[in-house]
Structures are given as structure tokens and as C-alpha cells.
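Structure at a glance
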Amino acid sequence: MLYRLLATTIVLFWLTMTGLLVRKELGPGDTSLRAVPVAHVAKIMFTHEQPSDLQIYSEKLSVGRLQIHPHLRKEDGLRRIALTGTLQLLLPGMPRQRVAWSGELELNSRLEMQRFRVELRFGAPPADVVELVLEPATNRLTYETRAGDRSIKREYSLDEKGATAWLHHQGIDPAIILSLHNPRSAPLVFKSLQSSLAVRGEKVGTYLVSAQQGGQTLFEAHVSQLGQILRLRTFVGYSAAPDDLAP
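These figures come from a predicted structure and were not determined experimentally.

1. Things to note about the packing of aromatic side chains
In the structure shown here, the tally under the stated rule is one aromatic pair. Geometrically, the ring pair formed by Phe190 and Phe219 is tilted, given 6.4 Å between the ring centres and 55 degrees between the ring planes. Here the residue Phe190 occupies a position in strand S9 (residues 188-199), and Phe219 occupies one in strand S11 (residues 216-224), the gap between them amounting to 29 residues. The class of Phe219 is partly exposed, set by a relative accessible area of 21%.

Here it is in C-alpha cells:
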């Protein structure tokens, strides 16, 4: 249960950042010389539809894989990013736990999020399953758990009332979490800069996409000119790169 709660909380935090990104930060952006709009990088990814197959590392230890595959549906402009992967989750004082996921993020032609679905599987088959579906247009989050022949499905609104209900159903006192909320906290800032990366001894031009809050970099990713992710680093210590660009 602890692993399920932790992984689900991480996913919800990621969903919040993703929502802010696609709804607020895909505009003109910074106008400094080396800055480029985040929307430009997204357009490159969907134009070339190049998959990113990454190895996940904790320090230099391989702990999982992450596959990201963007696709543009030309008939209606729907953008879809398929996400699959596995991770050996390490927590102090607890046994290693395998988590696998699959899902997709859907954006319209204006790069506004339409739907996000992710399914998390914990342990070896038969695995416990958590499925999350986020639909901003209907202000709804659907949360379902499946363990053996037992299934629980609930829906929450995407606001403080929904967050309070979700915490209550997870056995967490909402007052503890909400007391940590500071309405004056620094906003998330997404940036994209022209950059470069050493690849097999050669300097390759990239776009460095990052998310920052209050001076802390939450993640940064080097994206190639064809839209492939060449290196990803996060503030929690995990990094990712293709097999031939291992740290």
C-alpha cells in the first residue's frame, strides 16, 4: 500500500506539472537570444515522431527503462505521447519494488491537454494495478485500483475539494497536506534554450528544456534537433539516457 500511495502521489504531482506546462507555458516564452519557445520543441517532436528509448539510472545504477513516443494524427491534429516503462523503486529500509507503467497524453492542435491516462502495475504478475485518467475539459480525475478480483473506482474533481477527498480515501489527513500549501509559493517556470551535448566525442546541438520553481530545477532534458530525448535529469536523483549515452 505504501508503494502504491507513493507512486500514485508522484504521478499526480507530475500530472500537475504537465497541466501547467501544456496550459500556460507553450506560448512565445522568453525572448533572450538563446531562448526558444517550448512550443517549438514540442512541434519538432510531433513533426518527426521519433521515439525516445531511455535507460533510467539512480546514481550510475540502472533501475529501469522509459519509452516516449510522440505521434501526430493528421486528420484532426490530435497529438498523442505514448509512455511505457519500468522502475525498481528503492526506499530506505524497505525491499526493492518493481513498478511498471503504460499510458498516453493527448493534446489538441493548440497543444492543450485533452486527456491523460496512466496504468501502474506493482510487483510481479498477478500485479496490483492503479489506473489514473485525467480529463481537464470535464474537470475530472478517475482513480481505479485492481487487486485480484477486487476493484475500486472513484472520481474526483480537479480542485481543492477533489484533492481533499482523494487524500481522505487514501487514509491521509487532508489538513496535514493542505497546511503545507502556500498560495504565495513561487510558480513553476518552464524554459527552453539552445544548447549542446557531447555525443560519442562530438558536440551535438540540442534544446535544453527545464522546469524550475523558486530557483530549484525540478528537471531538465536535452532534446535533439529531431525531437529525441538524449538526456534527462530530475531533482530527486533519477536520470535517463539512451543506452549508448549512459552516465
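2. As for helix H3 (residues 160-169)
Within H3, burial applies to Gly162, Trp166 and Leu167. Down the axis, H3 shows its buried residues gathered within 135 degrees of arc, on one side only. Turned more than 90 degrees away from the buried face of H3, the exposed residues are Glu160, Lys161 and His168. N-cap assignment for H3: the residue whose side-chain oxygen lies 3.2 Å from the backbone N of Lys161 is Asp159.

3. Re helix H2 (residues 38-48)
All of the buried residues along H2 are Val38, Ala39, Val41, Ala42, Ile44, Met45 and Phe46. Positive backbone phi, approximately 55 degrees, marks Glu49, located one or two places after H2.

4. Notes on the pattern of salt bridges
Under the criterion given, the structure shown has 15 salt bridges. In this structure, the salt-bridge partner of Arg65 is Asp53, at a minimum N-O distance of 3.1 Å. Placement of Arg65 in strand S2 (residues 61-73) and of Asp53 in strand S1 (residues 52-58) is noted, with a sequence separation of twelve residues between them. Under the relative-accessibility criterion, Arg65 is labelled partly exposed at 24%.

5. Observations concerning the nonpolar core
One finds Ile56, Leu66, Trp101, Phe116 and Val223 to be the most contacted residues of the largest nonpolar core, which totals 42 residues. In terms of residues, this core owes the most to one element, H2, which gives six residues.

6. Let's talk about the environment of Thr84
Here Thr84 shows up in strand S3 (residues 78-89). On the basis of relative accessible area, Thr84 is assigned to the partly exposed category, the value being 32%. The sequence separation of Thr84 and Glu104 amounts to 20 residues, and the corresponding C-alpha distance is 8.6 Å. The residues contacting Thr84, other than those within four sequence positions of it, are Arg65, Leu66, Gln67, Trp101 and Ser102.

Conventions used here
- Residues numbered from 1 in each chain as written.
- Predicted model: local features only at pLDDT ≥ 70, side-chain atom pairs only at ≥ 80, totals over all residues.
- Heavy atoms only, no water.
- Phe/Tyr/Trp six-rings, centres within 6.5 Å; stacked < 30°, edge-to-face > 60°.
- Helix = DSSP H or I, 4+ residues; strand = E, 2+ residues; numbered from the N terminus.
- Buried < 20%, exposed > 50% of the residue type's maximum accessible area, 1.4 Å probe, protein only.
- Arc of directions from axis to C-beta.
- Polar contact = N/O pair within 3.5 Å; in protein donor to acceptor, adjacent residues only side chain to side chain.
- Salt bridge = Lys/Arg side-chain N within 4 Å of Asp/Glu carboxyl O.
- Core = buried A, V, L, I, M, F, W, Y, C linked by side-chain atoms within 4.5 Å.
- Contact = heavy atoms within 4.5 Å.

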